[in-house]
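# Examining the three-dimensional arrangement
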Amino acid sequence: MSRRLFAACDQLHHEDQIIAERTSGLRAEYQRIADEPADEEAEEQRRREQRRVFRETQYQRRELIRERLRDAYEDGASRQWSDLLPAHQEPRLDLDEHPGILEAATAETYLAVRQDDLPHHRR
């Protein structure tokens, strides 16, 4: 994944989090406690309504979000990985920890692929 794409994805995640925080009922404190008896139909209706409100808010904010994503994408090209990752990390190859993952990194991109997902490994 390129730094540009990573920055845009990170921005999209941030925008969705903002919408989720403002969508009534999506936050953890509004969730039903496991010990409470549940009316499954009412719960499903509530979840449907929350998803509808979330999607409508995304739709209403789409132009602003697109602009922010474009800015993040362009800005990602001039930023270093340490600026994009939490705690100023650098992408690193970690082959010992995950033997089924094939990784590659350059100054611009980082890519990790599960070995089983490669076409020659499919059965």
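Refer to the structure above for everything that follows.
As a starting point, this report considers the structure included with it. (Residues numbered from 1 in each chain as written. Predicted model: local features only at pLDDT ≥ 70, side-chain atom pairs only at ≥ 80, totals over all residues. Heavy atoms only, no water.)

Attention now goes to the packing of helix α1 (residues 3-22) against helix α3 (residues 62-76). Running from N to C, α1 and α3 cross one another at 150 degrees; their axes reach a closest spacing of 7 Å. As summarised for this structure, α1 and α3 are arranged roughly antiparallel, according to the angle between their axes. Once α1 is placed against α3, the crossing between them reads as right-handed. Across from R3, R4, L5, A7, A8, Q11, L12, E15 and I19 in α1, the residues of α3 making contact are I65, R68, L69, A72, Y73, E74 and G76. Residues belonging to the contact of α1 with α3 are distributed by class as follows: 9 nonpolar, 2 polar and 5 charged. (Axes fitted to C-alpha atoms, helices over the stretch in contact; angles between N-to-C directions. Helix = DSSP H or I, 4+ residues; strand = E, 2+ residues; numbered from the N terminus. Parallel < 35°, antiparallel > 145°, perpendicular 65-115°, else oblique. Left-handed = near helix turned anticlockwise from the far one by under 90°. Contact = heavy atoms within 4.5 Å. Nonpolar A, V, L, I, M, F, W, Y, C, P; charged D, E, K, R; others polar.)

Close contact between α1 and helix α2 (residues 40-60) brings their axes to 10 Å; oriented N to C, the two are set at 130 degrees. Comparing the axis directions of α1 and α2 gives the class oblique. In this structure, the crossing between α1 and α2 has a hand that is right-handed. On α2, the residues touching D16, I19 and A20 of α1 are F54, T57 and Q58.

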